[in-house]
Amino acid sequence: MPPEDVELVKSAFETWNRGEIDAFVDCTSEDVAWLEVSGRPEGGATERIGRERLREGLKSLFDAWESYYVDAERIEEAGDRILAIVREVARGRASGVEIDGRWGYLITVENGEMVRIEAYRDPAMALQMAGARG
């Protein structure tokens, strides 16, 4: 895996933290697949396909939070994907509820674009999946 792929993911998370949704989305392919594999309160996995659906989902996320930040604790090659472990810190816009938790992401990069992003509420699950495939 080229080192530029890891750098792309690091850069994408930096744009995320600046609230630059369009810049984050620009790091993805037109038909990017974003999967929330685990961690949704309502249960079950969700999938968004395409830049526009990803952009809408991220806009909705940022609109719900007064502040929202992910600290990339670890971003590294994991076989044919990139593993990112992040700490998520946010405060609800309407509720004021604060969250502080961790997520694991497995990201597939092809031709300088993120083409598949799998989000795991439990970073250990992302680590396990990275080992299973990588």
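Anything mentioned here points back to the structure above.
For the structure given in this document, a descriptive report is provided here. (Residues numbered from 1 in each chain as written. Predicted model: local features only at pLDDT ≥ 70, side-chain atom pairs only at ≥ 80, totals over all residues. Heavy atoms only, no water.)

## Quick notes on unusual backbone geometry
No. 1: Its identity is not glycine, yet N111 carries a phi of approximately 50 degrees, on the positive side.
No. 2: Within the secondary structure, N111 is located in the loop between strand 5 (98-110) and strand 6 (113-120).
No. 3: N111 sits in the exposed class, given a relative accessible area of 79%. (Helix = DSSP H or I, 4+ residues; strand = E, 2+ residues; numbered from the N terminus. Buried < 20%, exposed > 50% of the residue type's maximum accessible area, 1.4 Å probe, protein only.)

## Considering the pattern of salt bridges
No. 1: Under the criterion given, the structure shown has 16 salt bridges.
No. 2: We note a salt bridge from D22 to R55, for which the minimum N-O separation is 2.7 Å. You can see D22 sitting in helix 2 (residues 21-25) and its partner R55 sitting in helix 3 (residues 51-64), a full 33 residues away along the chain.
No. 3: What you see here is one network of salt bridges that share partners, running through D22, E52 and R55. (Salt bridge = Lys/Arg side-chain N within 4 Å of Asp/Glu carboxyl O.)

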